[in-house]
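Report on the structure
Residue-level listing of the chains:
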Amino acid sequence: MKNEAVVDFLKTRRSTPVLQLGEPGPGRAELEEMLTIASRVPDHGKLAPWRFIVYAGAARAEVGEALAEITLEGDAEASPERLKLERERLTRAPLVIGVVSRAAIHPKIPEWEQIMSAGAACYNLVAAANALGYGATWLSEWYAFDERAFAALGVEPGERVVGFVHIGTRKEAPFERVRPELGDVVTWRGDI
C-alpha cells in the first residue's frame, strides 16, 4: 500500500545550509529517536559498522579550538578570520553528530558493504531530523579526513569519518536545487 505522506516527504526533502540552522536544536528524546531511525539501515551481517558521536553544548567549541590549533600548526600565519572559522566549525548549528565508519576486513561481509551501511546511516539521520521538523545538513570538511583532528573529534584509530550532520531549526526555507534528469543517471536494461 502506497504511503503518500512518505512519498511526498522523500520527493521534497532538502538539506538546510549550515548557516541557516539556529536554535532550538532537538532535545535528548528527539535525538534518541533520530539516532534510532538512523540505525535502521541495511547492515549485512548485523555488524553495525558505524557509530555516532554527539557534539553538544561546550563540546562543540572545544573541538573548534582544537581545529584552530591544528590550523596554526600547519600555517603559523593563518589569519584571524580563518582561525575564527575553524573555532566555529561545530557551533554553526545547535547540535552536530559525527557518523563514523568502523568498517573492517571480515571473512564474509565486504568492507565496501560496511562503508555503504555507514553512508546510509548518515542519510537516515538527515532524513530523521527533517521528519521531526528540524533542518539538517551532512558535511564532510577537511577535518573529516585529517587524522590530526581525530583525537579531538573522538574518532578512534582505524575509524573513518563519514560526515558530520548539523541539526537545528531552519531560519528560512531551504532553496530548491537542480536535480539530475533521470535520462542522465539511469541505464535501462530489459523491458519494464
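For the structure given in this document, a descriptive report is provided here. (Residues numbered from 1 in each chain as written. Predicted model: local features only at pLDDT ≥ 70, side-chain atom pairs only at ≥ 80, totals over all residues. Heavy atoms only, no water.)

Concerning the packing of helix α3 (residues 58-74) against helix α4 (residues 80-87)
Across the interface, α3 lies against α4 with an axial gap of 7 Å and an inter-helix angle of 140 degrees. In terms of crossing hand, the pair formed by α3 and α4 is right-handed. Of α4, the residues touching α3 (which contributes G64, E65, L67, A68, T71 and L72) are R82, L83, E86 and R87. For the contact of α3 with α4, the per-class residue count stands at four nonpolar, two polar and four charged. (Axes fitted to C-alpha atoms, helices over the stretch in contact; angles between N-to-C directions. Helix = DSSP H or I, 4+ residues; strand = E, 2+ residues; numbered from the N terminus. Left-handed = near helix turned anticlockwise from the far one by under 90°. Contact = heavy atoms within 4.5 Å. Nonpolar A, V, L, I, M, F, W, Y, C, P; charged D, E, K, R; others polar.)

So, the environment of A66
Position of A66 relative to the elements: it lies in helix α3. C-alpha separation for the pair A66 and A152, spaced 86 residues apart in sequence, amounts to 6.4 Å.

So, the packing of aromatic side chains
Inspection of the entire model under this criterion finds four aromatic pairs. With centroids separated by 5.7 Å and ring planes inclined at 45 degrees, the aromatic side chains of W50 and F52 adopt a geometry described as tilted. Across the pair, F52 and W50 agree in class, each one buried. Aromatic ring contacts, followed pair by pair, group Y55, W142, Y143 and F164 into a single cluster. (Phe/Tyr/Trp six-rings, centres within 6.5 Å; stacked < 30°, edge-to-face > 60°. Buried < 20%, exposed > 50% of the residue type's maximum accessible area, 1.4 Å probe, protein only.)

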